[in-house]
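Chain by chain, the residues:
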Amino acid sequence: MEGQEKYKYAIRKNSYYFKCEGRNGNVFKCVRFDEMELEDVFNLALLDFTDENKWSDETRTSHKNGKAVLQTVASIVEDFLAKHPQFTISIESNTPAKQRLYNQIITNNINKFSKNFQILGVLGNNIEPFKKNSHYNRFEIKKII
């Protein structure tokens, strides 16, 4: 996102890697896009590199600059969809904390995102345009072509 602090990232296939400052030292993160069963739909996974030398989506990291992490993830979503405008990103969390994080990323960037992206909130079988202050089980983001 323009004008907002974010971390630099490296790209390898459908994975984006960046280093951020945690309260106990550097944290290596990965935003990975995994193809789902539905054609042209990719799941977003936010991963941390653990002390066991593995990528995990179950860790909880305390960041020195959480806003920069949020802006980095938002920037990565923009980059991925710019390169693959026919794809849909599906975001479903494995923890309530990450669900709040994803909701915060979308809420904080809704004005910028809504110009170029269709953002949907999913609750059960109900799919609707994303609304601030609503709680969804899953999100879908598509580039407006």
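Our subject is the structure listed above.
A.B. asks: In this structure, what is going on with the overall build of the chain? I would like to understand it.
C.D. replies: Assigned secondary structure in the chain consists of 2 helices and 9 strands. Of the regular secondary structure in the chain, the N- to C-terminal order runs β-β-β-β-β-α-β-α-β-β-β. What you see for the chain is a C-alpha radius of gyration of 15 Å, in line with the 15 Å of a compact globule of 145 residues. Taken along the three principal axes of its C-alpha coordinates, the chain extends 40 × 35 × 30 Å. Here the chain holds 145 residues, and 43% of them are scored as buried.

A.B. asks: Would you mind going over the nonpolar core with me for this structure?
C.D. replies: The tendency in soluble globular proteins is for nonpolar side chains to be buried side by side. With 33 residues, the main nonpolar core has Val-31, Phe-33 and Ile-89 as its most contacted residues. The set of elements that each furnish at least two residues to this core consists of strand E2 (15–22), strand E3 (25–35), strand E4 (41–49), helix H1 (66–83), strand E6 (88–92), helix H2 (96–116), strand E7 (117–123) and strand E9 (138–143). When residues of this core are assigned to their parent elements, the largest contribution, 9 residues, is made by H1. In this structure Ile-89 touches Phe-33, Phe-42, Leu-44, Val-77, Phe-80, Leu-81, Phe-139, Glu-140 and Ile-141, once residues within four positions along its chain are discounted.

Reading the values: the criteria
- Residues numbered from 1 in each chain as written.
- Predicted model: local features only at pLDDT ≥ 70, side-chain atom pairs only at ≥ 80, totals over all residues.
- Heavy atoms only, no water.
- Helix = DSSP H or I, 4+ residues; strand = E, 2+ residues; numbered from the N terminus.
- Rg over C-alpha atoms; globule rule 2.2 N^0.38 Å.
- Buried < 20%, exposed > 50% of the residue type's maximum accessible area, 1.4 Å probe, protein only.
- Core = buried A, V, L, I, M, F, W, Y, C linked by side-chain atoms within 4.5 Å.
- Contact = heavy atoms within 4.5 Å.

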